[in-house]
Each structure stands twice: as C-alpha cells, then as structure tokens.
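Structural features, examined
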Amino acid sequence: MKSLSITGLILLAVSALLFYLTTDFTVGGITISHMMGVMAGVGIGLIIGGMVGYVSKGSALKAEEKRKEFKQLQKDKEELEKQAAEIAQREAELQRQNQNPQI
C-alpha cells in the first residue's frame, strides 16, 4: 500500500509538471483536452484502487481465517493434552491398585 501511494505521488508530480509546461498555470490556457485527461486519470486511478483494495481485502480475510484456524488447533491441542494427562493419571492409579491389592 505504501508503494502504491509513492507511485501515485510521483505520477501527480509528473502531471503537474506537464500541465505547467503546457499552460503556465493560467486559467485561459486550460482546454477541454486537459479536462478529459484529468477525468481519465481519475477513472484509471479509481479502477486500479478498486482492484488493489479488493485483492488486499481478500488476502486479509484469508489471513484472519488462518489465525482463527490456528487458535482452534491450539485449543484442540490443549484439550488433547489434558485428556492424555488424565488418562495417564488414571492408568497410574490402576497400576498402584493392582500392585497393592487390599482384601
């Protein structure tokens, strides 16, 4: 996103330079072709901005989905570890009971 902004500023500076060289910034020097150029530039900028926004939103949604999936996997892992610890504890108690039978 940062590089896109820098590219936009460079293109804006180039367009201001070209406008200065063709009209000397006088209102009387502005013609219909200048207005068409401005409108075309805005239109192209909106199209490119929309595409970049769409792509970045899609990648952000995918990244968020991966984070949620990772958190869920961590929770599942913790639950499995707790279950394994409980099973090991039960087995140890059973072994102690089998070794020391009290009748």
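Residues numbered from 1 in each chain as written. Predicted model: local features only at pLDDT ≥ 70, side-chain atom pairs only at ≥ 80, totals over all residues. Heavy atoms only, no water.

Digging into the pattern of salt bridges
- Inspection of the entire model under this criterion finds 1 salt bridge.
- Linking Arg67 and Glu64 is a salt bridge whose minimum nitrogen-to-oxygen distance equals 2.7 Å. Here Arg67 and its partner Glu64 are both found in helix 2 (residues 32-99), 3 residues apart, which amounts to about one turn of the helix.
- By relative accessible area, Arg67 is classed as partly exposed at 46%. (Salt bridge = Lys/Arg side-chain N within 4 Å of Asp/Glu carboxyl O. Helix = DSSP H or I, 4+ residues; strand = E, 2+ residues; numbered from the N terminus. Buried < 20%, exposed > 50% of the residue type's maximum accessible area, 1.4 Å probe, protein only.)

Quick word on a nonpolar patch on the surface
- On the surface, a cluster of nonpolar side chains totalling about 690 Å² of accessible area is made up of Ile6, Ile10, Val14, Leu17, Leu18, Tyr20 and Leu21.
- The residue Leu18 is located in helix 1 (residues 2-23) in this model. (Patch = residues over 30% accessible without salt bridge, like charges linked within 9 Å, V, L, I, M, F, W, Y side chains within 5 Å. Areas by Shrake-Rupley, 256 points an atom, 1.4 Å probe, with all protein chains shown as cover.)

Re the layout of surface pockets
- Taken as a whole, the largest pocket encloses approximately 760 Å³ of empty space.
- As for the largest pocket, its lining consists of 20 residues, of which Leu11, Leu12, Ser15, Gly41 and Val42 are closest to the centre.
- Broken down by secondary-structure element, the contributors of at least two residues to the lining of the largest pocket are helix 1 and helix 2.
- If you tally residues by element for the lining of the largest pocket, the top one is helix 2, at 10 residues.
- Residues of the lining of the largest pocket, tallied by class, amount to 11 nonpolar, 9 polar and no charged. (1 Å grid on protein atoms, 1.4 Å probe; cavity = no way out; pocket = protein on both sides within 12 Å on 5 of 7 lines; lining within 4 Å. Points joined across faces, edges and corners; volume = space filled by probe spheres on them. Nonpolar A, V, L, I, M, F, W, Y, C, P; charged D, E, K, R; others polar.)

Brief notes about the environment of Ser59
- Looking at where Ser59 falls in the secondary structure, it is placed in helix 2.
- Of note is the side chain of Ser59, whose polar atom sits 2.9 Å from the backbone oxygen of Ser56. (Polar contact = N/O pair within 3.5 Å; in protein donor to acceptor, adjacent residues only side chain to side chain.)

Geometric descriptors of this kind do not, in isolation, establish any biological role.
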